[in-house]
Amino acid sequence: MKVTPVATVDELVAFIAACDGTFDSLGPDGDPIDILAHSLQCAHGLAARLPTDVELQVAGLVHDLGHVVDPDDPVGHGEVGAAYVRPLLGPRVARLVELHVPAKRYLVATDARYAKQLSSGSTVSLAMQGGTMSREEAAAYELDPCAQNAATLRRADEAAKVIGRVVPGIETWIPALRRVAEQAQ
Ligand SMILES: [Fe+2]
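Now for a quick tour of the structure. (Residues numbered from 1 in each chain as written. Predicted model: local features only at pLDDT ≥ 70, side-chain atom pairs only at ≥ 80, totals over all residues. Heavy atoms only, no water.)

### Notes on the overall build of the protein
For step 1, the next point in the chain: When helices and strands are tallied, the protein shows eleven helices and zero strands.
For step 2, the next point in the chain: Ordered by position from N to C terminus, the α and β elements of the protein give α-α-α-α-α-α-α-α-α-α-α.
For step 3, the next point in the chain: In terms of overall dimensions, the protein is globule-like: its C-alpha atoms have a radius of gyration of 15 Å, near the 16 Å expected for 185 residues.
For step 4, the next point in the chain: With respect to the three principal axes, the spread of C-alpha positions in the protein is 40 × 35 × 35 Å.
For step 5, the next point in the chain: Sorting the 185 residues of the protein into buried and exposed places 51% on the buried side. (Helix = DSSP H or I, 4+ residues; strand = E, 2+ residues; numbered from the N terminus. Rg over C-alpha atoms; globule rule 2.2 N^0.38 Å. Buried < 20%, exposed > 50% of the residue type's maximum accessible area, 1.4 Å probe, protein only.)

Right, here's the structure in full:
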């Protein structure tokens with residue numbers, strides 16, 4: 001995995017904005033919402049749920065960029081996305097991005113209701129990502145300090161696939177991105 005990290009907030013905002021009409025590796029037949037709309041809905045959902053955790057909201061905004069950074073590595077999109085934002089947005093945002101893939105495997109193992117709510121695209125990719133976690137894997141996952149926040153991100157992720165839902169645009173996230181980037185330097 002060779003990833004050139006994003007260098008500035010302006011570059012990151014332009015990158016996210018360009019995800020308008022870009023779909024994840026499963027294409028429009030997978031999750032039928034483009035990555036820009038999905039990212040904005042995810043961040044908006046997290047802001048409503050945890051208004052003081054700006055890092056978590058920003059992680060929601062950037063969690064799927066790995067699909068665009070390296071379209072050839074869908075299974076590794078969490079790690080690719082984390083490597084892309086780590087120098088700019090810091091280790092916690094990167095860890096949350098990285099964990100949003102195992103968080104799905106964790107939630108499927110521990111929450112039967114969540115498993116039933118998975119979109120068809122998420123269900124297909126779950127198998128490629130290693131399937132449901134074993135009890136041992138779930139126990140190991142819970143030891144990560146970011147585990148619960150990553151699970152919250154993952155729930156917001158699944159709820160952020162509503163075509164046509166209008167939420168605030170990318171420009172409204174610039175101050176939050178700048179604040180998180182400043183703290184990370
Ligand atoms: Fe997502």
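### Things to note about empty space enclosed by the protein
For step 1, the next point in the chain: On inspection of all chains with the given rule, the structure shows one cavity of 30 Å³ or more.
For step 2, the next point in the chain: Roughly 240 Å³ of internal volume is contained in the largest cavity.
For step 3, the next point in the chain: If you go around the largest cavity, you meet 23 residues; those closest to its centre are Asp24, Asp31, Asp64, His67 and Ser125.
For step 4, the next point in the chain: For the lining of the largest cavity, the elements supplying multiple residues, two or more each, are helix H2 (35-49), helix H6 (91-110), helix H8 (120-128) and helix H10 (147-159).
For step 5, the next point in the chain: In terms of residue class, the lining of the largest cavity is built from seven nonpolar, nine polar and seven charged. (1 Å grid on protein atoms, 1.4 Å probe; cavity = no way out; pocket = protein on both sides within 12 Å on 5 of 7 lines; lining within 4 Å. Points joined across faces, edges and corners; volume = space filled by probe spheres on them. Nonpolar A, V, L, I, M, F, W, Y, C, P; charged D, E, K, R; others polar.)

### Observations regarding the coordination of the iron ion
For step 1, the next point in the chain: His38 (NE2), His63 (NE2), Asp64 (OD) and Asp157 (OD) make up the full set of protein donors to the iron ion, lying at 2.1 to 2.2 Å.
For step 2, the next point in the chain: Here the iron ion binds four donor atoms, and the angle range of 78 to 165° at the metal identifies the geometry as irregular.
For step 3, the next point in the chain: Coordination of the iron ion draws on donor residues from a single chain, spaced H-x24-H-D-x92-D in sequence. Of the two residues, histidine 38 is situated in helix H2 and aspartate 157 in helix H10; the sequence distance between them amounts to 119 residues. One exposure class covers both histidine 38 and aspartate 157, and it is buried. (Donors = N, O, S within 2.8 Å, 3.2 Å for Na, K, Ca; no water. Tetrahedral: all angles 85-135°; square planar, octahedral: opposite > 155°, others 65-115°.)

### Description of the nonpolar core
Nonpolar side chains tend toward joint burial in soluble globular proteins.
For step 1, the next point in the chain: Of all hydrophobic cores here, the largest spans 56 residues; its most connected members are Leu12, Leu61, Val62, Leu89, Val93, Tyr141 and Leu177.
For step 2, the next point in the chain: Contributing elements (two or more residues each) for this core: helix H1 (9-17), H2, helix H3 (54-62), helix H5 (77-89), H6, helix H9 (135-142), H10 and helix H11 (174-184).
For step 3, the next point in the chain: No other element matches H6, which puts nine residues into this core. (Core = buried A, V, L, I, M, F, W, Y, C linked by side-chain atoms within 4.5 Å.)

### Details of the pattern of salt bridges
For step 1, the next point in the chain: Under the criterion given, the structure shown has eleven salt bridges.
For step 2, the next point in the chain: Of the charged contacts, one joins arginine 155 and aspartate 111 as a salt bridge, the two residues approaching to 3.0 Å between their closest N and O atoms. Taken together, the positions of arginine 155 in helix H10 and aspartate 111 in the loop between H6 and helix H7 (112-117) put the pair 44 residues apart, joining distant regions of the chain.
For step 3, the next point in the chain: Note on aspartate 111: relative accessible area 17%, which makes it buried.
For step 4, the next point in the chain: Beyond isolated ion pairs, a larger network of salt bridges with shared partners links Arg86, Arg95, Glu98 and Asp144. (Salt bridge = Lys/Arg side-chain N within 4 Å of Asp/Glu carboxyl O.)

### Overview of the packing of aromatic side chains
For step 1, the next point in the chain: Considering all chains together, one arrives at two aromatic pairs under this definition.
For step 2, the next point in the chain: The interplanar angle of 45° and the centroid separation of 5.0 Å between the aromatic rings of phenylalanine 15 and tyrosine 84 together place this pair among those described as tilted. Taken together, the positions of phenylalanine 15 in helix H1 and tyrosine 84 in helix H5 put the pair 69 residues apart, joining distant regions of the chain.
For step 3, the next point in the chain: A relative accessible area of 23% places phenylalanine 15 in the partly exposed class.
For step 4, the next point in the chain: Geometrically, the ring pair formed by tyrosine 106 and tyrosine 141 is stacked, given 4.5 Å between the ring centres and 25° between the ring planes. (Phe/Tyr/Trp six-rings, centres within 6.5 Å; stacked < 30°, edge-to-face > 60°.)

The values reported here are purely geometric and, on their own, carry no functional implication.
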